[in-house]
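Observations on the model geometry
Single-letter residue listing:
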Amino acid sequence: MTEQNLSYRPAEVSPPGDTLAELIEERGIAQAELARRMGRPINAVNEMVLGTKEITEDTALELERVLGTPAHFWLARESRYREYLARQRDASRAESRLEWLDKFPIKQLQEAGYLPAGRLTESFKASLIEPTLCFFGVASPEGWHGQYDRVQAAFRRANPAKQTDNAAITAWLRLGELQALKADVPAFSAEKLQANIAALRSLSTRPAAEIGIGLQRQCAEAGVVLAFVPPFPRTHVSGVARWLGDRPLIQLSLLGKWNDVFWFSFFHEIAHILKHPKKAVFLDDASSGSAAESKEEKEADQFAADTLIPPADRKRLGQIDLTATGVRRFAKEIDIHPGIVTGCLQHMGLVGWASPMNQLKDRYQIASK
């Protein structure tokens, strides 16, 4: 479960005027006498007792002198009461905010520990509004729209037709942001990231359990945060490259899970960080090698393809033995996983998508924490 505010909140908080009324009654002081001693109109004291008039710093000092009760006591009582009233006003808006809450993959956020667990009855859903606002780091649904409308406007999608649920996408993006906020990485260095490309590529031949940690370590050396976040329903997102201030974030979902798709997506996002504007959010669907509309997407596709299998080696693919043995031999020569070679052959039309050589591909999954 993520960190939550677990401070005690009473169901009801009485106004400090109740305490004031009890004190002056105990001491046999009428409201008129208290007003005279404080140099205040009687109606001002009466309003304080009723809770309609706030106890200010000056008033707290006057009460301290007249009644001997510390000023900080009155200010604390007043603060708690005003917070209680504010929460009551906020709670009254819950019904109108349920429609906003329903936009998000609540069950998945509960399962991931970002929202309190519980059956999603109407009353319980209302209690989830505040933790959902805190999850997004916004004060209200209007604040969410303001923040994430700007992010959505910056989306550059490889396949816009597949992105059917922007609210779910923003929840998925937020999980990456939260990981990035906790990451301790140095300032970004494009030179270091470029220098690490070969080492990043070589990890494709390592056991799956070593790959994620290795990629994150190599990226962190260059000041890049690499986050693995499982996809939400109807997001159809394989990865995203974006900047959080001066910190680049690459976020991968492992949607599809096949290692040829994963590696293409990874280097596709690396290209966006190295080559493209900081203000854009490059959100890509799960179809590796899909027809890209923008110049940036085409450049990222080409960078990924050339990094995984350089052009000179790709030209040789039409000449190799198109068997599992031949693919393994070629993959070993260029130090790449044979599943990636298989995926390239399929995209080139040299091997069918249902080919038995699919057995050369690995499947990855995001380890549960």
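Residues numbered from 1 in each chain as written. Predicted model: local features only at pLDDT ≥ 70, side-chain atom pairs only at ≥ 80, totals over all residues. Heavy atoms only, no water.

**Observations regarding the packing of aromatic side chains**
One pass over the structure, following the stated rule, counts 15 aromatic pairs. Summarising the aromatic geometry, the rings of phenylalanine 104 and tryptophan 144 are spaced 5.3 Å apart at their centres and angled 85° between planes, so their arrangement reads as edge-to-face. Taken together, the positions of phenylalanine 104 in the loop between helix H6 (94–101) and helix H7 (106–111) and tryptophan 144 in helix H10 (residues 141–154) put the pair 40 residues apart, joining distant regions of the chain. An aromatic cluster is present here, built from Trp100, Phe104, Tyr114, Phe135, Phe136 and Trp144 joined pairwise through their rings. Over the ring of tryptophan 243 we find lysine 278; its NZ or CZ atom is 4.6 Å from the centre of that ring. The ring of tryptophan 258 has arginine 363 sitting right over it, with the charged end atom 4.5 Å from the ring centre. (Phe/Tyr/Trp six-rings, centres within 6.5 Å; stacked < 30°, edge-to-face > 60°. Helix = DSSP H or I, 4+ residues; strand = E, 2+ residues; numbered from the N terminus. Lys NZ or Arg CZ within 6 Å of the ring centre and 35° of its normal.)

**Quick notes on the confidence of the model for the protein chain**
Mean pLDDT over the protein chain works out to 89, with 90% of the residues at or above the 70 mark. Below a pLDDT of 50 lies the segment residues 1–6, which in the model reaches seven contacts outside its immediate sequence neighbourhood of four places, other chains included. Predicted confidence for residues 287–292 stays below pLDDT 50, and this span has 13 contacts to residues more than four positions away or in other chains. (pLDDT = per-residue confidence, 0-100. Contact = heavy atoms within 4.5 Å.)

**Let's talk about the environment of proline 356**
Here proline 356 lies in the segment after helix H19 (338–347). A relative accessible area of 65% places proline 356 in the exposed class. (Buried < 20%, exposed > 50% of the residue type's maximum accessible area, 1.4 Å probe, protein only.)

**Re the environment of isoleucine 106**
When you line up the elements, isoleucine 106 lands in helix H7. Measuring from C-alpha to C-alpha, the distance between isoleucine 106 and leucine 128 comes to 9.0 Å, with 22 residues separating the pair along the chain. Beyond its immediate stretch of four places on either side in the chain, isoleucine 106 contacts Leu101, Leu115, Leu120, Leu128 and Thr132.

**Observations regarding the pairing of strand S2 (residues 225–228)**
By the alternation rule, side chains of S2 split into Val225 and Ala227 and Leu226 and Phe228, which are all buried. Sheet topology places S2 next to strand S4 (residues 247–252); four bridges connect them, and they run parallel. When the sheet's bridge partners are listed, alanine 227 is paired in S4 with glutamine 251. (Pairing = 2+ DSSP bridges.)

**A short note on a nonpolar patch on the surface**
On the surface, a nonpolar cluster with roughly 240 Å² of combined accessible area is contributed by Leu322, Met348 and Leu350. Turning to its location among the elements, leucine 322 is positioned in the loop between helix H17 (311–315) and helix H18 (324–333). The class for leucine 322 is partly exposed, based on a relative accessible area of 38%. (Patch = residues over 30% accessible without salt bridge, like charges linked within 9 Å, V, L, I, M, F, W, Y side chains within 5 Å. Areas by Shrake-Rupley, 256 points an atom, 1.4 Å probe, with all protein chains shown as cover. Salt bridge = Lys/Arg side-chain N within 4 Å of Asp/Glu carboxyl O.)

**Digging into the nonpolar core**
Among the nonpolar cores identified, the biggest contains 47 residues, and Leu215, Phe262, Trp263, Phe266, Phe267 and Val341 are the most heavily contacted of them. Those residues in contact with tryptophan 263 that lie beyond four places of it in its chain are Leu200, Leu203, Ser204, Ile211, Leu215, Leu308, Ile340 and Tyr364. Ranked by size, the runner-up nonpolar core spans 35 residues in total, among them Ala94, Tyr114, Phe135 and Trp144. (Core = buried A, V, L, I, M, F, W, Y, C linked by side-chain atoms within 4.5 Å.)

**Regarding the packing of helix H15 (residues 259–275) against H19**
Between H15 and H19, the shortest axis-to-axis distance is 8 Å and the interhelical angle comes to 85°. The orientation of H15 with respect to H19, classified from their angle, is roughly perpendicular. Taking contact as the criterion, the partners of Asn259, Asp260 and Trp263 in H15 are, on H19, Gly339, Ile340 and Gly343. Of the residues belonging to the contact of H15 with H19, the class tally is two nonpolar, three polar and one charged. (Axes fitted to C-alpha atoms, helices over the stretch in contact; angles between N-to-C directions. Parallel < 35°, antiparallel > 145°, perpendicular 65-115°, else oblique. Nonpolar A, V, L, I, M, F, W, Y, C, P; charged D, E, K, R; others polar.)

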